[in-house]
Structures are given as C-alpha cells and as structure tokens.
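Each chain is listed here by its residues.
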Amino acid sequence: HLILNGTCKDNLMINPMSGTLESVYITYGFSSNKPVLFLTLEGGKDGEWDDTGLGSKASVMFAGNLLVKNLTVKQTIYLNNGSNLFTDNATLERVSVMTGSSVDFYNSTVSCDSSVSKTCIKLYRSSSMVTDNLTVNNAGSDTAIEVTGGSSVLLKNSTINNTGSSTNSLSVWGNSYLNLENSKVTSSNSGVSIEYNGILELSESSIIRTSGTPTIKLSGPGIINIWDGSSVADITCEGPLASLNKGSSTPTITNEGGGVCG
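As the structure is a computational prediction, the values presented were derived from the model and not from experiment.

Draft legend 1. Structural view of the overall build of the protein chain. A tally of helices and strands in the protein chain yields 1 helix and 30 strands. For the protein chain, whose C-alpha radius of gyration is 19 Å, the value lies close to the compact-globule estimate of 18 Å for 262 residues. The principal-axis extents of the C-alpha atoms in the protein chain amount to approximately 60 × 35 × 30 Å. Looking at the protein chain residue by residue over its 262 residues, the buried ones come to 47%. For the protein chain, the share of sequence-separated contacts (at least 6 apart) that also reach a separation of at least 24 residues comes to 50%. Carbon together with sulfur atoms contributes 49% to the accessible area of the protein chain, which is approximately 11000 Å² in total. Measuring between centres, the 15 positive side-chain charges of the protein chain sit 4 Å from its 22 negative side-chain charges.

Draft legend 2. Looking closely at the state of the cysteines. Counting across every chain of the model gives 2 disulfides. At a sulfur-sulfur separation of 2.1 Å, the disulfide partner of C112 is C120. Classification of the bridge connecting C112 and C120 rests on its S-S torsion, roughly 95°, and on that basis the disulfide is right-handed. Here C112 falls in the buried class, since its relative accessible area comes to 2%. Put simply, C237 and C261 are joined by a disulfide, and their sulfur atoms are 2.2 Å apart. Between C237 and C261 the disulfide shows an S-S torsion of about -95°. By sign, it is left-handed. Remark: C261 occurs in the segment after β30 (252-256) and C237 occurs in strand β28 (residues 234-238); sequence separation between them is 24 residues. The class for C237 is buried, based on a relative accessible area of 0%. Look at the protein chain and number its bonded cysteines as they come in the sequence; the links are 1-2, 3-4.

Draft legend 3. Quick look at the sheet that holds strand β25 (residues 216-219). Spatial ordering of the open sheet is given by β3-β6-β9-β12-β14-β16-β19-β22-β25-β28-β30, a layout of 11 strands whose pairing is parallel. In the strand order of this sheet, the two ends are held by β3 (13-14) and β30, each with one partner. Sheet analysis places strand β12 (residues 95-98) next to strand β14 (residues 121-124), joined by 4 bridges and oriented parallel. Residue pairing for β14: V95 is matched across the bridge by I121.

Draft legend 4. Geometry of the pattern of salt bridges. Under the definition given, this model contains 3 salt bridges. The partner of K57 in a salt bridge is D51, with the nearest N and O atoms 2.5 Å apart.

Draft legend 5. Quick look at the side chain of T87. When you line up the elements, T87 lands in strand β10 (residues 84-88). Ignoring anything within four residues of it in the chain, the contact list for T87 reads L67, V68, L92, D104, F105, Y106 and S108.

Draft legend 6. The arrangement of the nonpolar core in detail. W49, L66 and L200 are the most contacted members of the largest nonpolar core, which totals 56 residues. When near neighbours in sequence (up to four residues on either side) are disregarded, L200 contacts L178, L180, V192, I194, I207, I216, I223, I224 and N225.

Draft legend 7. Examining the pairing of strand β18 (residues 159-162) more closely. Side chains I160 and N162 project from β18 onto a buried face, and the interleaved T159 and N161 project onto a face without burial. The pairing of strand β15 (residues 128-138) with β18 spans 4 bridges and is classified as parallel. Residue V136 lies in a different strand from β18, and its bridge partner there is I160. The pairing of β18 with strand β21 (residues 184-187) spans 4 bridges and is classified as parallel. When the bridges of β21 are listed, T159 appears paired with K184.

Draft legend 8. Spatial organisation of the side chain of S176. Assignment of secondary structure puts S176 in the loop between β19 (168-172) and β20 (177-181). In terms of polar contacts, S176 uses its side chain to reach the backbone amide nitrogen of G149, at 3.3 Å. What S176 contacts, discounting residues up to four positions off in sequence, is V147, T148, G149, G150, S151, N197, G198 and I199.

Draft legend 9. Expanded view of the environment of V95. When you line up the elements, V95 lands in strand β12. Residues V95 and D50, 45 residues apart in the sequence, show an inter-C-alpha distance of 14 Å. Apart from the residues within four sequence positions on either side, V95 is in contact with I77, L79, L85, F105, C120, I121 and K122.

Draft legend 10. Molecular detail of unusual backbone geometry. Along the chain, T213 connects to P214 via a cis peptide bond; the corresponding omega equals -5°. Structurally, P214 can be placed in the loop between β24 (206-209) and β25. Located in the positive-phi region is N89, a residue other than glycine, with phi close to 55°. Structurally, N89 can be placed in the loop between β10 and β11 (91-92).

The rules we used
- Residues numbered from 1 in each chain as written.
- Predicted model: local features only at pLDDT ≥ 70, side-chain atom pairs only at ≥ 80, totals over all residues.
- Heavy atoms only, no water.
- Helix = DSSP H or I, 4+ residues; strand = E, 2+ residues; numbered from the N terminus.
- Rg over C-alpha atoms; globule rule 2.2 N^0.38 Å.
- Buried < 20%, exposed > 50% of the residue type's maximum accessible area, 1.4 Å probe, protein only.
- Contact = heavy atoms within 4.5 Å.
- Areas by Shrake-Rupley, 256 points an atom, 1.4 Å probe, with all protein chains shown as cover.
- Lys, Arg positive; Asp, Glu negative; His and termini not counted.
- Charge placed at Lys NZ, Arg CZ, Asp CG, Glu CD.
- Disulfide = S-S within 2.5 Å.
- Pairing = 2+ DSSP bridges.
- Salt bridge = Lys/Arg side-chain N within 4 Å of Asp/Glu carboxyl O.
- Core = buried A, V, L, I, M, F, W, Y, C linked by side-chain atoms within 4.5 Å.
- Polar contact = N/O pair within 3.5 Å; in protein donor to acceptor, adjacent residues only side chain to side chain.

Have a look at this one:
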C-alpha cells in the first residue's frame, strides 16, 4: 500500500512472477520488477501517478491486482492474463483490458483528450468491466469504449461524453455484450455500432447523438434489447440477421440491405 504525495513518475509492473522474467521487464523499461500480487496506490496531498516518458506504460499481468484510490493517473494502464484493476474516486487516462482481465470502476473518471488517437477504454479477448458512477470523457479520435473478442461490460449509473472525431462513440462486436443500466451516452457527431454477434441492452438509459445519423447502427448478426423506458432517437438495421426488441420505445427505424427490424 503506497500513498503518493505530489507527482510520482514511474512505469510499474504489478504481477506475482519473479525469476528470469525480471530481466525481460527491465529491457522494456519497467522500474518495478519484484513479485507483487496486490498493490494499492492511494493519493495523498496532490497525488498524481505519471509515466517516465520512456519504455512501456504501467501494466498489471499474470493475475496481478491493482487498486487505485483518490489518485490521478496520467498514463495508460494495460491489463493482461487474468489481472484485475479496481478504482475508487480516481481519475484515469486510457485503459486497455485483455486476455481474461477485468476492471471495476467506482466513483471514477476516465478522460482521453484530443491528443489520444487510440480507443479510450478497450476490452478484448474475454475480458470484463463493471462500473458504478463512471464518467468517460472522450475527445480523442477513436472510440470511447470498444468491447470485442467475447468480452462483457455493465455500465451502471454512468455517463459517456464523446466529443471527438471518431466514427463510433461505442462499438460492440465479436461475440461481446454491453449493458447500459441507468446510464447516458451523448455524442456530438458519432454513433453506436453493434455488429458481428454484438449485443446491446438498455435499461432506463439513453443514447443521444446531437448531430447526424444514425444514433445506432445495428448490423446482423447483432442484437439490441431496449427495456424500461430507455430512449434512442433512431436505429439503422442492416441485413436480415439484425435483431431489435424495442419494447415500448419509439425510435425511427431504417432498414438497409434486407434488414427487417420493425
């Protein structure tokens, strides 16, 4: 458990492995290479965790666990190989979650500014994310949240603000699942993309696109279920395998390429 006062510049590797791998980590620029199964980084006075500008960014690997609490993080965090990230009242930049890893955001913010050219939060290869009161502010040129490769996400009591130049604010594809519960997605000029066996569920949630159409592009095979008073202005269904259950909502529906959404 480390309490950071002021700015700490370090590229950490959090994992329980040791031995011959240590020399490999040093090669890639990690300064912390000792076995650590669970690390808490907590912000003290003006606590901030930045990178060194050299080598790799912070990584949690091989079932390592990282808790970030009351701290501002100014570098990408990568999770691999069944690792876990937990946040409590934290402010972060990009997060990449893959190969069976997971992230739990609580009362936290993830912000990607206009200089960011990669997905703000990406989950792939059977990873998962659960949120309660997460705010994502994405001004970068790529997607705010991408879920793919058999991954799943629950966004609860959360807000997604996408003001960047990306084609999509949210993207769900490759046998993956996204559930918005009591959450709101607002995008200035980007839509939501559901395709290639992607599933989107809305419960007491809304997706708003302030400029252009469609708000959601559903390409078959893909599924959207809209429940409990959720709202979407318009949906484009492409292909006969696009499946839409709109419940009591009344979006404008456009069918393309043999789409049969009603």
